[in-house]
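# A closer look at the structure
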Amino acid sequence: MLLITWPFTRNQFYTNDNLNNLILERLEHHAYLLIGERQPLVQVVTKLLERITGRALLGQPDLVWRETENFGIDDSRRLHDEQARRAFAGGRKFFVLIVDSITLPAQQALLKIFEEPTPHTHFFLIYSDQPELLPTLKSRCQIIRQTPAPLADNFRQQAEKFLTSWPAERLVLVSEINNPQKFVRALELACHERLLAHPNRAWAEVVESVKQAENYLGGSAGLPRLVFEHLSLTLPRWPIQKM
């Protein structure tokens, strides 16, 4: 399942069932950032581009498909030169970048490319869900985020109990959590479902707050406690009359 996070003014959220139609309708956007598991996102982009071009991707002159573990400044410079060239067929050009990490200089160079792309050029950046991307780079992209995989019922139940409790009750609840990562993933999934049911800026910010908390986990031994305290005090309590 994929969730497209539009600018808050759009208030529209979509699953992968109509993802291809959605991007086709708005193909004027030049950069798409797809965050999540690589293989499902690769399949989505492959089907999308085959539909756009009307043929298999192999051998297409106006398509650059690049996979690399670490995208560096040399890769950005090469991309800059490639996207500046005229399309062979005189139409659109497509660049698919599948990366595990991007250096800071490379991100800054990508930012310049995305700020002033050549006409009829579209970028699809497939990236694992990591916090290291520059906010300014993200702001130049249409973000397509993969929702978390379903979790065991006990984590879902803990997440729902957490979200319907008052802050003091939450602090007691999180003291009994034995798997912080799975618990926060369950929180994120629950908030995603709430966002789909009530698409607005407030719930989008709640989802982003939980996502940032998930990124912070895995550090020092005391970090989960601080993350849980923050979530306990800041997340809105369910049920909510209106946000």
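Residues numbered from 1 in each chain as written. Predicted model: local features only at pLDDT ≥ 70, side-chain atom pairs only at ≥ 80, totals over all residues. Heavy atoms only, no water.

In terms of regular secondary structure, the protein is built from 10 helices and six strands. A buried classification covers 44% of the 243 residues belonging to the protein. On the protein, roughly 12800 Å² of surface is accessible, and the fraction owed to carbon and sulfur atoms is 51%. (Helix = DSSP H or I, 4+ residues; strand = E, 2+ residues; numbered from the N terminus. Buried < 20%, exposed > 50% of the residue type's maximum accessible area, 1.4 Å probe, protein only. Areas by Shrake-Rupley, 256 points an atom, 1.4 Å probe, with all protein chains shown as cover.)

What follows is about the pairing of strand S3 (residues 63-71). Looking along a regular strand, one sees the side chains alternate between the two faces of the sheet. Of the strand pairs in this sheet, S3 and strand S4 (residues 93-102) are connected by eight bridges, and their pairing is parallel. Of the residues in S4, the one forming a bridge with Thr 68 is Val 99. (Pairing = 2+ DSSP bridges.)

Running from N to C, helix H7 (residues 167-174) and helix H10 (residues 223-234) cross one another at 155 degrees; their axes reach a closest spacing of 8 Å. Classified by the interaxial angle, the pair formed by H7 and H10 is roughly antiparallel. As H7 runs across H10, the sense of the crossing is right-handed. Between H7 and H10, the contacting residues are Pro 167, Arg 170, Leu 171 and Val 174 on the first element and Phe 228, Glu 229, Leu 231, Ser 232 and Leu 233 on the second. The residue makeup of the contact of H7 with H10, split by class, is six nonpolar, one polar and two charged. (Axes fitted to C-alpha atoms, helices over the stretch in contact; angles between N-to-C directions. Parallel < 35°, antiparallel > 145°, perpendicular 65-115°, else oblique. Left-handed = near helix turned anticlockwise from the far one by under 90°. Contact = heavy atoms within 4.5 Å. Nonpolar A, V, L, I, M, F, W, Y, C, P; charged D, E, K, R; others polar.)

This part is about unusual backbone geometry. Of note, the phi angle at His 120 is positive, near 60 degrees, even though the residue is not glycine. Inspection of the secondary structure puts His 120 in the loop between helix H4 (104-115) and strand S5 (121-127).

The next subject is helix H8 (residues 180-197). Between its first and last C-alpha, H8 extends 26 Å over 18 residues, near the 26 Å set by a 1.5 Å rise per residue. By the burial criterion, the buried members of H8 are Pro 180, Phe 183, Val 184, Ala 186, Leu 187, Glu 188, Leu 189, Ala 190, Cys 191, His 192 and Leu 195. (Expected span 1.5 Å × (residues − 1).)

Mapped onto the fold, Arg 170 is located in helix H7. Among buried charged residues, Arg 170 stands out as having no salt bridge; its nearest opposite-charge side chain is Glu 169, 7.3 Å away. Engagement of the side chain of Arg 170 in a polar contact is seen with the backbone oxygen of Ser 165, the distance being 3.1 Å. There is a polar contact of 3.1 Å between the side chain of Arg 170 and the backbone oxygen of Pro 236. Beyond its immediate sequence surroundings of up to four residues, Arg 170 is in contact with Phe 162, Leu 163, Ser 165, Leu 231, Ser 232, Leu 235, Pro 236 and Arg 237. (Lys, Arg positive; Asp, Glu negative; His and termini not counted. Salt bridge = Lys/Arg side-chain N within 4 Å of Asp/Glu carboxyl O. Polar contact = N/O pair within 3.5 Å; in protein donor to acceptor, adjacent residues only side chain to side chain.)

Moving on, we get to the environment of Ala 84. Tracing the chain through its elements places Ala 84 in helix H3 (residues 73-84). Each C-alpha atom of the pair Ala 84 and Thr 118 lies 6.1 Å from the other, and the pair is 34 residues apart in sequence.

A few words now on the pairing of S5. Where burial is concerned, most of S5 is hidden: seven out of the seven residues are buried. Both faces of S5 are covered, namely the face carrying Thr 121, Phe 123, Leu 125 and Tyr 127 and the face carrying His 122, Phe 124 and Ile 126. Of the pairings in the sheet, the one linking S4 to S5 comprises seven bridges and is parallel in character. Bridge pairing in S5 places Val 96 opposite Phe 124.

This next bit is on H7. Every buried residue of H7 is listed here: Arg 170, Leu 173 and Val 174. Buried positions in H7, seen along its axis, are confined to an arc of 90 degrees and lie on one side of it. Taken together, the buried residues of H7 touch helix H6 (153-163), H8 and H10. (Arc of directions from axis to C-beta.)

By size, the foremost hydrophobic cluster in this structure holds 26 residues, and its most contacted members are Phe 162, Leu 163, Phe 183, Leu 187, Leu 231 and Leu 235. Going through the elements one at a time, H6, H7, H8, helix H9 (201-216) and H10 are the ones with two or more residues in this core. Broken down by element, this core gets its largest block of residues, seven residues, from H8. Not counting residues within four places of it along the chain, the set of residues in contact with Phe 183 comprises Phe 155, Gln 158, Ala 159, Phe 162, Val 174, Ile 177 and Phe 228. (Core = buried A, V, L, I, M, F, W, Y, C linked by side-chain atoms within 4.5 Å.)

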